[in-house]
Amino acid sequence: MLKKILLTLIIFTGLAAFAGENYLNSVVIENNDGETSVILRSDEVAKVKREVEAPDKVILTLKGISQSPDINTLYKNASNVSGLIIQNDGNNDLKVYIEAPGISKADIVFDTPNSAPVTVSDASGEERIVWSIISIAILLLVMRSAKNISPKPAKKDINEIIKEREKALYRNFQKEVAAMPSMGYKLKSYKKHVLKGETLRHYSQV
């Protein structure tokens, strides 16, 4: 079972490696009824890590995504945005620096062509949950495998148990008899006279 899980992870990793490149096409800062949203328009949803430097300053680290050559920024009802900078971070990652009032509590939304807008959260918390689930699953598999490997003690037949107990009692009895003090009677001499037909009275006079 563990081999199947590892093989599945390898296959999905290979598919991700050969998948088409993901581009960030635009960044939209939108203010709707006092609530701010950061809308990232891209080809696919990417992992996001949010770093809060201050209530009005955040850094978004996007994993597995590149900056489109004709990327643009838009502001909807958000004229108080002080700054927005998009920077390549290497290894197919991007950093988005945003400075605006209350931006640290803004929702992060991915808007992709193939799905409806998706609100995402900080990837660090999601990764911890995913890795916790994977760790528990692997631990359960290891415990199950160890349980199957450990040999089960063979059950003894009731007759064999009784025979072993009888043998043990007999051996103990023999030890007790051997340890008993011997009596000083001359039984051999007595047996000899009795066989000759002599009476007990005669034997006592001897």
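Everything numeric in this text was worked out from a predicted model, so none of it was measured. (Residues numbered from 1 in each chain as written. Predicted model: local features only at pLDDT ≥ 70, side-chain atom pairs only at ≥ 80, totals over all residues. Heavy atoms only, no water.)

Novice: Sorry, what's going on with the overall build of the chain here?
Specialist: Each helix and strand counted, the chain has five helices and nine strands in total. Within the chain, the proportion of its 206 residues that are buried is 21%. Partitioning the intrachain contacts of the chain with sequence separation of at least 6 by distance along the chain shows that 58% fall at a separation of at least 24. Element-wise, carbon and sulfur atoms account for 58% of the exposed surface of the chain, whose accessible area totals about 16100 Å². (Helix = DSSP H or I, 4+ residues; strand = E, 2+ residues; numbered from the N terminus. Buried < 20%, exposed > 50% of the residue type's maximum accessible area, 1.4 Å probe, protein only. Contact = heavy atoms within 4.5 Å. Areas by Shrake-Rupley, 256 points an atom, 1.4 Å probe, with all protein chains shown as cover.)

Novice: Can you help me understand unusual backbone geometry in this one?
Specialist: The general pattern is negative phi for most residues beyond glycine and trans for most peptide bonds. The backbone phi angle of Asn77 is positive, close to 55°, even though this residue is not glycine. Topologically, Asn77 is positioned in the loop between strand 5 (66-76) and strand 6 (83-90). The backbone of Asn91 sits at a positive phi, close to 55°, despite the residue not being glycine. With respect to the helices and strands, Asn91 occurs in the loop between strand 6 and strand 7 (93-99).

Novice: Would you mind going over the pairing of strand 6 with me for this structure?
Specialist: Consecutive residues of a regular strand have side chains that alternate between opposite faces of the sheet. Pairing of strand 6 with strand 7 involves seven bridges; the strand directions are antiparallel. Following the sheet pairing, Leu84 is matched in strand 7 by Ile98. Where strand 6 folds back onto strand 7 in an antiparallel hairpin, the turn is made up of two residues, including Asn91, whose phi is positive at roughly 55°. (Pairing = 2+ DSSP bridges.)

Geometry only, nothing functional implied.
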